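If you want the building blocks of each chain, they are given just below.
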Protein chains: 2
Amino acid sequence: MTAHGGNIYEVAMKLGVDSSDILDFSANLNPLGYPKLLDDIIENSKKDIINYPDPDYINLTNDIKNYFKSMGTVLSDSNILPGNGATELIFLLIETLKPKKIYLPVPCFSEYEEAAKKNNGKVERIYLNETDGFDIRPDMFKYDRDCANNVIMLCSPNNPTSKIIKLKNMKEILRKASESNIIVILDETFIELTIGNNKNSAISLINEFSNLIIIRAFTKIFSMPGIRLGYVIAVERIIKKLKSRQNTWSINCIASNSGKLLFENAFFEETRKWLENEKDRFFYLLNEIEGIKPYYPESNFILIKILTETTSGILKEKLINEKILIRDASNFDGLDNKYIRLAIKDKRSNDILIEKFKKIFA
Amino acid sequence: MTAHGGNIYEVAMKLGVDSSDILDFSANLNPLGYPKLLDDIIENSKKDIINYPDPDYINLTNDIKNYFKSMGTVLSDSNILPGNGATELIFLLIETLKPKKIYLPVPCFSEYEEAAKKNNGKVERIYLNETDGFDIRPDMFKYDRDCANNVIMLCSPNNPTSKIIKLKNMKEILRKASESNIIVILDETFIELTIGNNKNSAISLINEFSNLIIIRAFTKIFSMPGIRLGYVIAVERIIKKLKSRQNTWSINCIASNSGKLLFENAFFEETRKWLENEKDRFFYLLNEIEGIKPYYPESNFILIKILTETTSGILKEKLINEKILIRDASNFDGLDNKYIRLAIKDKRSNDILIEKFKKIFA
């Protein structure tokens, strides 16, 4: 177990309060909560509890296929593999592809390195530079041909930097990687929480580059980490390999019935409005506070550097006592105890945090 | 994917009917369905959907601990690891223990061999004999000391033979295995569906033998395969190792809130009554049909040998057309296309099957 965004239950227990009393800025989820439709899905799933899940998740796969079709990308069922959240899929991918070397721009989500370690893959870290906005560019990678199956592991928008990889750069990385037989795994679990939504996705390149593997999840956009649902998009050959190694029935009946959420246009629209209102507003308010430096976010979370004497750990503890949970970002490779990550929440919550920060950094 | 007990969705799709229209004798679940309390648990879990599950599943672990305490076995939290159904745990165990050799009495659940293969373990099959009631005895194993970490993989009651391993035999196997540093993995996922319930379990031996690992599940007794919940009981050292390799959050919030089901005494009582009424009645009715030979069941399913010209595959197809699904047991190692497995269901369903069989085998 790595230290992740907030174990809210642990904090609630420590404080002797209910988990719902904690203002959680550590988990970067859609603050709108889950779509109302999920309540109906849960109700309708009760009849499926007494059956083993469909091991091929035919309905769910079909929904995912139609979701991408609606944005102009034609996939077949054999390009799609659902999983128990992105986490299962990250580990399954590395375990199946068994890359000798994994090129990893850092800071990034810690599970990538965990998965590499577990499968004896050598990690080559590429340290992103805050002075050029943590940009991920094609010239950063070596594209070695020394092993048969090296992997470049990317995340867009990247966690914790909240920066989108430009499509032009993405295409160039894919082209160069392709020439050297390098597979590119691209984690897009936050892509639907960017201004522009799927327009920022590399999904349009999936049929052009057979070395592209995209990870998606229902977790962040639909705020449903408690249900566990993610999926992989890739060429049939890779999906087949993954499926043969995946545990049978790892997706529960509610998750497997959740595909219809992808067509909740009103929910996506409401999410867009919130993000357009709060992302920049919260950033500029944070930016006005002396003693911290927020990096401009392109998704629903903000990386922040502490400029005063205090540390991420001290700040986190101080806020826990006020029933506010933030993400101490010191354990991200390439960062240190001067960094924190904040989820962008609803206006009211964001304003509460701004007031707390103003007092702390006064 | 191995051929398992019924993919009911596939059959329903093929017939163009709803899955609830299929009489499913292929999945050996409690025919009482899931306890009503699960509906309340689902309702109360809605507030947890927006949070990541507690990675330590503290409440669930505590419930499991108290369940065993109520039958006189004292465990600590560090002896318990919940998982995404028994399936995740079987694969996690073999992947973590990495046994060179796995002694496997067959016929048995096919996932054991799948897990061994996936992790390059050599399987030594021990063929059980129908003439002595598929009995599993201590003298069947070799207890080699040739490798550091060999495993004896057992299932009680065994699937598909429906026979309980006698506690006296179990103790002797554990003793001999212990002397040779062999770990015994015991799958007890059906134990609560035996007459005598936990009295047939080896759980009382867990604090005596550090080489004993027990797998349990909520799936069969609470008829909730759609939710995904199982757990392992073992010494702390093994649980720690397993946990360090397990995917984070593989248990969803409904599953992790389901521990209270273990204290539904009225449900256990109703289950006992049904099993006492139907197990022997169904067996004797099947036994009267010429052309088949049922083996006396000690759990909620019956292994049957076909004595006529027909095969398990033909019989299965014939019944599918009548919207009845049975388990073709021909792909169990040690069996062939003369064997089927039937779940014991409610009286009405069982009687329907008896009438069909009478016609087919007339």
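Here, every reference points to the structure presented above.
Residues numbered from 1 in each chain as written. Chains lettered and ligands numbered in written order. Predicted model: local features only at pLDDT ≥ 70, side-chain atom pairs only at ≥ 80, totals over all residues. Heavy atoms only, no water.

Student: Give a detailed account of the overall build of chain A, specifying residues and quantitative values.
Tutor: Across its full length, chain A carries eleven helices and 13 strands. Relative to its length of 362 residues, chain A is compact, with a C-alpha radius of gyration of 20 Å against a globular reference of 21 Å. In terms of principal-axis extent, the alpha carbons of chain A reach across some 55 × 50 × 35 Å. In chain A, of all internal contacts separated by at least 6 residues, the share reaching a separation of at least 24 is 72%. Accessible surface, chain A: about 13900 Å² in total, of which carbon and sulfur atoms supply 48%. Taking the average location of the 50 positive side-chain charges in chain A and that of its 49 negative ones, the two points are 3 Å from each other. (Helix = DSSP H or I, 4+ residues; strand = E, 2+ residues; numbered from the N terminus. Rg over C-alpha atoms; globule rule 2.2 N^0.38 Å. Contact = heavy atoms within 4.5 Å. Areas by Shrake-Rupley, 256 points an atom, 1.4 Å probe, with all protein chains shown as cover. Lys, Arg positive; Asp, Glu negative; His and termini not counted. Charge placed at Lys NZ, Arg CZ, Asp CG, Glu CD.)

Student: Describe the pattern of salt bridges, and please don't skip the residues or the numbers.
Tutor: Pairing between side chains of opposite charge can happen when their charged atoms approach one another. Under the defined criterion, the tally for this structure stands at 65 salt bridges over all chains. The salt bridge partner of A:E124 is A:K101, with a shortest N-O separation of 3.6 Å. Note that A:E124 is positioned in strand β4 (residues 122-127) and A:K101 in strand β3 (residues 101-106), a separation of 23 residues in sequence. Taking relative accessible area as the criterion, A:E124 reaches 17% and is therefore assigned buried. Linked through salt bridges whose partners overlap, the residues forming this network are B:K101, B:K122, B:E124, B:K142 and B:D144. (Salt bridge = Lys/Arg side-chain N within 4 Å of Asp/Glu carboxyl O. Buried < 20%, exposed > 50% of the residue type's maximum accessible area, 1.4 Å probe, protein only.)

Student: Outline the packing of helix α4 (residues 85-97) of chain A against helix α7 (residues 236-245) of chain A, supporting the account with residue identities and numerical values.
Tutor: All names here are of chain A. Between α4 and α7, whose axes approach to 10 Å, the crossing angle comes to 105 degrees. If you check the angle between α4 and α7, you find them roughly perpendicular. Residue-level inspection shows L92, L93, E95 and T96 of α4 in contact with α7, the latter providing K241, L242 and R245. Across the contact of α4 with α7, the residue classes tally to three nonpolar, one polar and three charged. (Axes fitted to C-alpha atoms, helices over the stretch in contact; angles between N-to-C directions. Parallel < 35°, antiparallel > 145°, perpendicular 65-115°, else oblique. Nonpolar A, V, L, I, M, F, W, Y, C, P; charged D, E, K, R; others polar.)

Student: Could you give an account of helix α11 (residues 347-360) of chain B, with specific residues and numbers?
Tutor: Residue and element names in this part refer to chain B. The first and last C-alpha atoms of α11 sit 20 Å apart over 14 residues, in line with the 20 Å expected at 1.5 Å per residue. When we look at burial in α11, the residues that qualify are S349, N350, L353, I354 and F357. Take α11 and look down its axis: the buried residues cluster within an arc of 140 degrees, on one side only. Across α11 from its buried face, at more than 90 degrees, point the exposed residues R348 and K359. Against the buried residues of α11 lie β1 (23-24), α9 (265-287), β9 (292-294), α10 (312-320), β11 (324-325) and β13 (339-343). (Expected span 1.5 Å × (residues − 1). Arc of directions from axis to C-beta.)

Student: Could you give an account of the pairing of strand β2 (residues 80-83) of chain B, with specific residues and numbers?
Tutor: Residues and elements named next belong to chain B. Of the two faces of β2, the one holding I80 and P82 and the one holding L81 and G83 are both buried throughout. Pairing geometry for β2 and strand β8 (residues 230-233), over four bridges, is antiparallel. Paired with P82 across the strands is Y231, a residue of β8. (Pairing = 2+ DSSP bridges.)

Student: Give a detailed account of the environment of A:S180, specifying residues and quantitative values.
Tutor: Residue and element names in this part refer to chain A. Mapped onto the fold, S180 is located in the loop between α6 (167-179) and β6 (183-187). The sequence separation of S180 and D346 amounts to 166 residues, and the corresponding C-alpha distance is 45 Å. Here the side chain of S180 touches Y143 through a polar contact of 3.0 Å, landing on its backbone oxygen. (Polar contact = N/O pair within 3.5 Å; in protein donor to acceptor, adjacent residues only side chain to side chain.)

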